[in-house]
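For reference, the chains in residue letters:
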Protein chains: 2
Amino acid sequence: MAKTNIVDWTTITNFVVDAFKGYGIPEEDAKICADVLLESDKRGIESHGCNRFKPIYLDRIKAGIQNPVTNYEIVKETETTAVVDGHDGMGQVIGYKSMQLAIDKAKKYGMGMVVVRNSCHYGIAGYYTTMAAKQGCIGLTGTNARPTVAPTFGVEGMFGTNPLTLGVPTDEAFDFNFDAATSITQNGKLEYYERIGENLHAGTVVGADGKAIEGDAGAALKAIGSGNAALTTLGGIGEDLGGYKGYGFAMFVEFLSAVLQDGSYGKALIGKGENGEKRPFHLGHFFIAIDTDHFMGEDVCRKKAGDIIREVRSAKKAPGAERIYTAGEKEYEIRLARKDGVPINESVQKEFIAVRDELGLTQYKFPFED
Amino acid sequence: MAKTNIVDWTTITNFVVDAFKGYGIPEEDAKICADVLLESDKRGIESHGCNRFKPIYLDRIKAGIQNPVTNYEIVKETETTAVVDGHDGMGQVIGYKSMQLAIDKAKKYGMGMVVVRNSCHYGIAGYYTTMAAKQGCIGLTGTNARPTVAPTFGVEGMFGTNPLTLGVPTDEAFDFNFDAATSITQNGKLEYYERIGENLHAGTVVGADGKAIEGDAGAALKAIGSGNAALTTLGGIGEDLGGYKGYGFAMFVEFLSAVLQDGSYGKALIGKGENGEKRPFHLGHFFIAIDTDHFMGEDVCRKKAGDIIREVRSAKKAPGAERIYTAGEKEYEIRLARKDGVPINESVQKEFIAVRDELGLTQYKFPFED
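Bear in mind the structure is a predicted one, so any value in this text is a computation, not a measurement.

1. Quick look at the packing of helix H3 (residues 53-62) of chain B against helix H11 (residues 346-359) of chain B
Residue and element names in this part refer to chain B.
- Viewed as axis vectors pointing N to C, H3 and H11 meet at an angle of 30°, and their least axial separation amounts to 11 Å. Comparing their axes, H11 and H3 come out roughly parallel. Here H3 and H11 pass one another in a crossing that is left-handed. Along its contact with H3, which presents Phe53, Lys54, Pro55, Leu58 and Lys62, the element H11 presents Glu351, Phe352, Val355 and Glu358.
- Here the residues of the contact of H3 with H11 sort into five nonpolar, no polar and four charged.

Listed below in structure tokens is the structure:
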């Protein structure tokens, strides 16, 4: 077999499932966790896929701040609503079950909303909105996160990158799926800029002096980590370009991730105790499903959403711009391009090998190995 | 009586109600229209208050593109959902009834969502989310609008300023209420800049060359009107500062304003026929209510939302910044400052006098008159 950094989907899926199982996650849950993780790589969202397999999931289980066995407790339930306590279990399992519960409620009553407290990182938010759209529902989800983003006129991280994520069924080969942080950028992207030597985009990070930090992304990351800088909300520093709007959207996600479920928020989500020791993040999420058949029908929705998308794509383009994309389109094209497998970078290759050896999963031999 | 441009609330409310009645709006509906209109002035949102009384509402009734008698037809209804056809009636009446219907459904089933087609301008979106928050619900509304905003890498208005508006009950004297366009700026603000001689903020308007139009706001407005420029989405031109995120939020509003109700969208909302003749706008809106008592309860929600708000306000501030505001706070302070009445500018003074004289409402004598 020729040496390559491309690992086929069957191999990588089986390996990730077995590794999750090796860390104590029950098989059915491990399959969900693997599907959420690898869906990110299928869409080309490197930051949330295999790059996070070991550091964000396995290492946290090992550190004892995340439970491999998920105790999914429904604290309260009505026709359309549910409050869930995730008891620091696997965020992907909690997310999957919660969105499916919201969809089931929507299919019966028109709408469903499930809110979660005490969860862990749930992967790409867009996984859950895609679940909804595939089942003929408009889906909406969001999560709070470690505080790294400053409010307008603030210079200190008070809330997370708080994605607000939306899925809408269309009549195309892929549904509309908009999955983005409410901050301009996020730590994962800064790490990427640092790796490729790209400078910060001015206005994406604010320093203690209230001004944009420019230049080296690595230095900015350190400053954010030590509380001497913060990410900015969509719209940037101050009010001139609408920074208070991104701040408003971030707060919306912060509210829906905490106020209905009596959950944690803001500085409580730092993942560290008073003495700097690691502790669970206690994240909050929300999941909303809206059933199109309770309105004018799934066919009408899909057709009209497709018509809207196609009209927008037909807009007059800026000189040099060849295409106007709609949300989910680039990800769909990457999925097609990666049909045979996913490229694994060297750093993740080493992690895969170490995990395999640690767990004695000797049945796996990766194509990138000698 | 001393001459002043401040008109007390009783006088202005009675006058606006009587004028709306004079244009054929039934009394109960006229009261709703007046309340929505003047709530905008109470909050200091000049662009959507008395400044729009004549041009956006009365003149459109006179032009025959908006019906003073609102035929509020519920086309389809389920436990939690309803589809409404507004038949080109008064947007404020349609909005008020729709949000109350959504709230009533939420009180019974946990959630409610009402979508509307064939409506007219409904005033400040934040009026409806405030209704929800006052009644212990999280409220969400949005509306599509005349196409003036370009998608990322486009230079042509394909959708409207599409506000995405959120209300959350708190334990403070006012609820959280975030009411903002998903574009950085909007025509009303550009008109204001033109009046006060302030230049455009670079990046808020894109020209046919794909670059930011700078300088004179009046020239930019003309270019937008003639299709040679467009407003930009929150995040600005291109992708560097997240313009595609504002584009995603705008599309979300466009979808919810059309796909569930089989309504109009995009270029169909131009308000003109093939030969340039005025015609109804056929706007779409959506209204969502989420009842806090179907989750952990209204008290828990109000307390936690207040705690979140207060923590965010306590953030370390940029040098020179005295305060960090949360959404709804500035509007609340303006409301207190305007408890005795609202200042009416000269242009609106003339409109008020003309409308009074036209309708023979001789009982009204304004304090700004000689």
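2. Section: the relation of the copies chain A and chain B
- Under the fitted operation, chain A is carried onto chain B by 0.0 Å of movement along the axis and a turn of 180°, and the coordinates agree to an RMSD of 0.0 Å. Interpreted geometrically, this transformation is the action of a two-fold axis. Residue Gly235(A) of chain A places its C-alpha closer to the rotation axis than any other residue of that unit, at 2.5 Å.
- A share of 100% of interface residues in chain A that are also interface residues in chain B marks the association as one of identical surfaces.

3. Examining the confidence of the model for chain A
- For chain A, per-residue confidence averages 96 on the pLDDT scale, and residues scoring 70 or more make up 99% of the total.
- This complex was scored by the predictor with a pTM of 0.97 and an ipTM of 0.97.

4. Observations concerning the environment of Ala150(A)
All names here are of chain A.
- With respect to the secondary-structure elements, Ala150 resides in the loop between strand S5 (137-143) and strand S6 (164-168).
- Judged by relative accessible area, which is 4%, Ala150 ranks as buried.
- Not counting residues within four places of it along the chain, the set of residues in contact with Ala150 comprises Val155, Glu156, Gly157, Phe159, Val206, Ala230, Leu231 and Thr233.

5. Considerations on the pairing of strand S4 (residues 111-119) of chain B
Residues and elements named next belong to chain B.
- Here S4 lies mainly inside the structure; nine of its nine residues are buried.
- Bridge count for strand S3 (residues 81-85) against S4 is five bridges, and the pairing is parallel. When the bridges of S4 are listed, Thr81 appears paired with Met113.
- Each parallel crossover has a hand, and for S3 linked through helix H4 (residues 91-109) to S4 it is right-handed.
- The pairing of S4 with strand S10 (residues 283-291) spans seven bridges and is antiparallel. The residue bridging Met113 from the neighbouring strand is Ile288, located in S10.

6. Concerning the domain arrangement of chain A
All names here are of chain A.
- For chain A, the assigned domains are domain 1 (1-62 + 340-370) and domain 2 (72-184 + 232-331).
- Put simply, the middle of domain 1 and the middle of domain 2, counted by C-alpha atoms, are 25 Å apart.
- Listed as interface residues are 17 residues of domain 1 and, on the opposing side, 15 residues of domain 2.
- A buried area of about 1,500 Å², summed over both sides, lies between domain 1 and domain 2, and 69% of it is on carbon and sulfur atoms.

What counts and how
Residues numbered from 1 in each chain as written. Chains lettered and ligands numbered in written order. Predicted model: local features only at pLDDT ≥ 70, side-chain atom pairs only at ≥ 80, totals over all residues. Heavy atoms only, no water. Axes fitted to C-alpha atoms, helices over the stretch in contact; angles between N-to-C directions. Helix = DSSP H or I, 4+ residues; strand = E, 2+ residues; numbered from the N terminus. Parallel < 35°, antiparallel > 145°, perpendicular 65-115°, else oblique. Left-handed = near helix turned anticlockwise from the far one by under 90°. Contact = heavy atoms within 4.5 Å. Nonpolar A, V, L, I, M, F, W, Y, C, P; charged D, E, K, R; others polar. Least-squares fit on C-alpha atoms with pLDDT ≥ 70 in both. pLDDT = per-residue confidence, 0-100. Buried < 20%, exposed > 50% of the residue type's maximum accessible area, 1.4 Å probe, protein only. Pairing = 2+ DSSP bridges. Right-handed = clockwise from strand over helix to strand, strands pointing away. Domains from an automatic or database assignment. Buried area = accessible area lost by both parts, 1.4 Å probe.

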